Amino acid sequence: MTIAPMDRMRMIAGRVSLDDVMAKLGRHRPVFHSEADLQHSFARALWELAPDVHSRLEVPQRGSGKTEYLDLQCLGPGDRTAIEFKYFTRAWTGKAGVPVEDYALKAHGATDLARLHFVRDIARLERFCRRPGQNGLALILTNEASLWAPPGPGRRRTRDHDFRMHHGRELAGTLLWAEGTYEPNTCSLRGTYPLEWEKYSEQGGAGGEFRYLAVFVGPSATEADDTDA
């Protein structure tokens, strides 16, 4: 079967769809202890689905006079995918998974910084994905509903307003922190990214619903001259 260009851009290393990886993960690991746990489990599920895709953690990316580290590089026979992960949680305690494990998730609290760091991940991937056959994926998994839910009517404008990442939003262009009063947090995106949150797992109690947001970065977003975001 021939994979359409848009479908291929949403594949991991040109071999496996993200939907298949997340479905496989969700059957055994509906919850994770940490971001590192998520990264390792994702790489394992990917290998089980496509043994010819090799995963490398914390891969250095050199450019613009500095070295940055990519969470996961997935190397397929012809294509590769650079992945940045975020695992942002509110407090939740319970049992889940196969085998069953005890989980005690901490509340990270600062949702404004979660939004900032996720957008920065997208900008980083735009810098990293410059070679043919390379795409990028920014992935956040969370049980913090305020990240996927739009702000209520009449809510005052917050300093992270431009970085809002709720379902149905679109990220594009230059995003200002606190209306531009704190320039170090300004972030410029080359591509345009519509945001669609997906359900991941449903656990018991408050904070038991987990969703994920996946943003793919294609080569077309990297054609402009390289600049820091």
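The structure contained in this document is the topic of the report that follows. (Residues numbered from 1 in each chain as written. Predicted model: local features only at pLDDT ≥ 70, side-chain atom pairs only at ≥ 80, totals over all residues. Heavy atoms only, no water.)

### Quick notes on unusual backbone geometry
Argument step 1. Between V98 and the following residue, P99, the backbone shows a cis peptide bond with an omega angle of 0 degrees.
Argument step 2. Secondary-structure assignment places P99 in the loop between β6 (92–96) and β7 (101–105).
Argument step 3. With phi around 55 degrees, A178 is a residue other than glycine that occupies positive phi space.
Argument step 4. Inspection of the secondary structure puts A178 in the loop between β9 (170–175) and β10 (187–194).
Argument step 5. Positive phi outside glycine occurs at E179, with the angle close to 55 degrees.
Argument step 6. E179 sits in the exposed class, given a relative accessible area of 59%. (Helix = DSSP H or I, 4+ residues; strand = E, 2+ residues; numbered from the N terminus. Buried < 20%, exposed > 50% of the residue type's maximum accessible area, 1.4 Å probe, protein only.)

### Remarks on the side chain of N143
Argument step 1. In this fold, N143 is placed in the loop between β8 (134–142) and α5 (145–148).
Argument step 2. Setting aside residues up to four positions removed in sequence, N143 forms contacts with F88, T89, R90, W92, L105, W148, G207, E209 and F210. (Contact = heavy atoms within 4.5 Å.)

### Remarks on the sheet that holds strand β3 (residues 54–63)
Strand pairing in a sheet takes place through backbone hydrogen bonds and is either antiparallel or parallel in direction.
Argument step 1. With respect to topology, 6 strands assemble into an open sheet ordered β3-β4-β5-β8-β12-β11, the strand pairing being mixed. The two strands at the open ends of the sheet, each matched to only one other strand, are β3 and β11 (197–202). Neighbour-to-neighbour, the strand axes of the sheet open up by a mean angle of 35 degrees, direction not taken into account.
Argument step 2. Two elements, β8 and strand β12 (residues 209–217), share 7 bridges in a ladder whose sense is antiparallel. (Pairing = 2+ DSSP bridges. Axes fitted to C-alpha atoms, helices over the stretch in contact; angles between N-to-C directions.)

### Quick look at the pattern of salt bridges
Argument step 1. Scanning the entire structure with this criterion turns up 15 salt bridges.
Argument step 2. With a shortest N-O distance of 3.4 Å, K24 and E48 are connected by a salt bridge. Residue K24 is found in helix α2 (residues 18–28), and its partner E48 is found in helix α3 (residues 35–49); the two are separated by 24 residues along the sequence.
Argument step 3. Between R44 and E48 there is a salt bridge whose closest N-O contact spans 3.1 Å. Of the two residues, R44 and E48 are both situated in helix α3; the distance of 4 residues between them amounts to about one turn of the helix.
Argument step 4. Take R44: its relative accessible area is 52%, and that puts it in the exposed class.
Argument step 5. The class for E48 is partly exposed, based on a relative accessible area of 37%.
Argument step 6. Three or more residues are tied together by salt bridges with common partners; here these are E68, E84, K86, D121, R124 and R127. (Salt bridge = Lys/Arg side-chain N within 4 Å of Asp/Glu carboxyl O.)

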